[in-house]
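This is what each chain is made of:
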Amino acid sequence: MLWDEKRVIEAEVHLSLHNFLRSQEGFPTWPHHLTMARLVARALRLGRSALIQVGAVCGYQGRYRTSFIASALMWHGPVIIVASATVQQRLLNIEIPRLQQWLSANKPIRTGEVWPGSDFQGLLLTSPQAWLKGQLADNGSFPPNIPTIIDGVDDLEDWVRDQLTQDIQPHDWEQLMLACPQEAEVIREARVQLTHELFQHPENPYHCYLISQREIEILQGLYSSFESISNLPKSWQEFWLLFQNLTEDFSPTTITPSPHHPITLSSALFWATIARRQGLFSLHYAPMELAKILAPIWQRQPVVLIGSAVEPETEVPLFRQRLGLEDVTCLKFSSDSQGEAIQLYAPYKLPLPNTPEFQGAFIHQVRTLVCLSATSPGMTVVLVGDVPLKARVGAILASEFGSRVQVEKTCLDENGILVSGWEFWRSHQDVLPAPRLLIIATLPLPSLENPLVAGRVAHYKRSHQDWFRLYLLPTALSELQRAIAPVRENQGIVALLDSRVVNRSYGAQILAALSPLARLNYLDPSLFSPNNEDNSNG
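Residues numbered from 1 in each chain as written. Predicted model: local features only at pLDDT ≥ 70, side-chain atom pairs only at ≥ 80, totals over all residues. Heavy atoms only, no water.

As recorded in an unreviewed UniProt entry, the protein chain goes by the name Putative ATP-dependent DNA helicase DinG, listed as coming from Sphaerospermopsis reniformis.

Structure follows, in structure tokens:
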């Protein structure tokens, strides 16, 4: 009987969810609920992993979660759902109770950072940090063979790197001196030398720097003064093991003799962050390659990975390669071309972002766009990645439009103007009104001026790989699609003021990723009218 129940789980989920959706008056529609629910149910039945892209708009709105929750509740065995704290609260307060009542499902629901126990047959909600920590340590926090649904995998790579990053913080030096009082003077001197060397690096907006050869030598000298690392604090022991691997792989012949030549190895990133005002620094180590580290995790249990806009290709080859995902069924849902179309204004003749003329031209365009949209209802968002330019734009707009303008704040009027960086917008777009107008200064290509980006690019170069098309461009495409998702709700206007989108060969890929869209080649006040249906001439 159990075999029959497992065999027909897809059909049962389909029928139950179909009836549930029909019963919910005013429930947000999504044409792929049943398809997704069947695929998740099939993955649970077969124990076969799957990767599903639901689309940037659906990912932003979270409609798809009803589908996988229905499958998880109806599955006869235990299931783990990995999701952020915010998503967990929505599932616990809205999605799960609503479906439990309709399905008459009595499956126990728990939240926590470890598996509740060997006899637990319910649904466990846990955070990405807790799940990855347990999986990477392979310490039994989560037993093998339990089907796992991971929501929001657009950020999976960042979650993994955060978990794998080892740090030496300022307070760790004090702990080291307390643990090794006989070496206190040596420790103090090493910290002074490192402070001196690190603060010689010129300032950058990211406040971080790849470790130089001279700084490596100071740390080597420090560790050589200890007879054994077994008596060191845990943070120093762990850091030393990684540091050893780093320096053993390092070949001095590859380094130009220079006190500040950065160390960027194929196996790792080793960098420092600096708080100049406080005179403090922290050291950080993270592996460069994640695939070999993660591959064993995917083999322990079937996983259903759900993302918004992971990659343009359905089979997500780059994402799978970076994260060691081999045997996985991939599905990408198409967008609603009518209901999700944006109007895209991408002028041809603007200066390139790396020219002195760009800032003036960009500010002129922003002022024009904001003035044209002043009488239309809805919020305006100006996305600027460059920190000094962001502050300048905020000051100029505030001088003309007053308190309507806010720089990276969530307390805005209905017709407010938000000036924001990419990270702030990504973190807060779900709590802000959907903008009527989104102005983008430049494509969100990771900046080579960021030492950590430069380190990853150097890794691709050493491997003779196309670092732009394998790293920078996919990152920008994913960021763009997620950033404009709220604008699609009201078929608003996106002004992309980076002329590379029309002047570079990769511009076609960017336009394809932003589809569905109607192209605008001119600016007219009627474009911003809420009754405007289609003013494209492109």
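From this point, the narrative continues.
1. Quick notes on the overall build of the protein chain
A count of helices and strands for the protein chain gives 21 helices and 18 strands. At 26 Å, the protein chain has a C-alpha radius of gyration in line with the 24 Å of a compact globule built from 538 residues. Reported as C-alpha extents along the three principal axes, the dimensions of the protein chain are approximately 75 × 70 × 45 Å. Here the protein chain holds 538 residues, and 52% of them are scored as buried. Sequence separation of at least 24 residues holds for 73% of the intrachain contacts in the protein chain that already meet a minimum separation of 6. Approximately 24,500 Å² of the protein chain is accessible, and the part contributed by carbon and sulfur atoms is 50%. Of the charged side chains in the protein chain, 43 are positive and 53 negative; the average position of the first set lies 4 Å away from that of the second. (Helix = DSSP H or I, 4+ residues; strand = E, 2+ residues; numbered from the N terminus. Rg over C-alpha atoms; globule rule 2.2 N^0.38 Å. Buried < 20%, exposed > 50% of the residue type's maximum accessible area, 1.4 Å probe, protein only. Contact = heavy atoms within 4.5 Å. Areas by Shrake-Rupley, 256 points an atom, 1.4 Å probe, with all protein chains shown as cover. Lys, Arg positive; Asp, Glu negative; His and termini not counted. Charge placed at Lys NZ, Arg CZ, Asp CG, Glu CD.)

2. Focus: the domain arrangement of the protein chain
How big an interface is tends to be stated in terms of accessible area lost as the parts join. By the assigned domains, the protein chain splits into domain 1 (7-146 + 300-330), domain 2 (163-247 + 266-287) and domain 3 (336-526). Spacing between the C-alpha centres of domain 2 and domain 3 amounts to 38 Å. Taken residue by residue, the interface counts eight residues in domain 2 and nine residues in domain 3. Interface of domain 2 and domain 3: buried area, both sides summed, is about 770 Å²; carbon and sulfur atoms make up 73% of it. On inspection of domain 2 and its partner domain 3, the count reaches zero salt bridges. Taken together, the connections running from domain 2 to domain 3 amount to one residue pair in polar contact (both at pLDDT 80 or more). Elements with a contribution of two residues or more to the side of domain 2 that touches domain 3: β7 (208-210) and β8 (268-275). The dominant element in the side of domain 2 that touches domain 3, judged by the number of residues it contributes, is β7, at three residues. Looking at the side of domain 2 that touches domain 3 residue by residue, the class counts come to six nonpolar, two polar and no charged. (Domains from an automatic or database assignment. Buried area = accessible area lost by both parts, 1.4 Å probe. Salt bridge = Lys/Arg side-chain N within 4 Å of Asp/Glu carboxyl O. Polar contact = N/O pair within 3.5 Å; in protein donor to acceptor, adjacent residues only side chain to side chain. Nonpolar A, V, L, I, M, F, W, Y, C, P; charged D, E, K, R; others polar.)

3. Structural notes on the pairing of strand β16 (residues 437-440)
The side-chain alternation of β16 yields two buried faces, one formed by L437 and I439 and the other by L438 and I440. Bridge analysis of strand β13 (residues 380-383) against β16 gives four bridges, and the strand direction is parallel. By the bridge assignment, V382 is partnered in β16 with I439. Across four bridges, the pairing between β16 and strand β17 (residues 493-496) is parallel. Among the inter-strand pairings, I439 is bridged to a residue of β17, identified as A495. (Pairing = 2+ DSSP bridges.)

4. A closer look at the packing of aromatic side chains
For the structure shown, the criterion picks out 15 aromatic pairs. On the basis of an interplanar angle of 25 degrees and a centroid distance of 6.4 Å, the ring pair of W131 and W298 is categorised as stacked. Of this pair, W131 sits in helix α7 (residues 128-137) while W298 sits in helix α13 (residues 291-300); the two residues are 167 residues apart in sequence, bridging distant segments of the chain. The buried category is assigned to W131, whose relative accessible area is 1%. Chaining the aromatic ring pairs together yields one cluster made of W173, Y223, F226, W236, W240 and F281. (Phe/Tyr/Trp six-rings, centres within 6.5 Å; stacked < 30°, edge-to-face > 60°.)

5. Looking at the pattern of salt bridges
Summed over the entire model, instances satisfying the criterion amount to 20 salt bridges. Notably, a salt bridge pairs E408 with K390, separated by 2.9 Å at the nearest N-O pair. Taken together, the residues span a long stretch of sequence, with E408 in the loop between β14 (405-407) and β15 (417-420) and K390 in helix α16 (residues 387-401) at a distance of 18 residues. Judged by its relative accessible area of 27%, E408 is partly exposed. Among the charged side chains, a salt-bridge network with shared partners connects E157, R161, R322 and R456.

6. Description of the sheet that holds strand β11 (residues 329-332)
Here we have seven strands laid out as an open sheet, ordered β3-β4-β2-β5-β10-β1-β11, and parallel in their pairing. The strands lining the two open edges of the sheet, one partner per strand, are β3 (109-111) and β11. Direction aside, the axes of adjacent strands within the sheet are offset by 15 degrees on average. Where strand β1 (residues 50-53) and β11 come together, four bridges link them in parallel fashion. The partner of I52 across the bridge, within β11, is L331. (Axes fitted to C-alpha atoms, helices over the stretch in contact; angles between N-to-C directions.)

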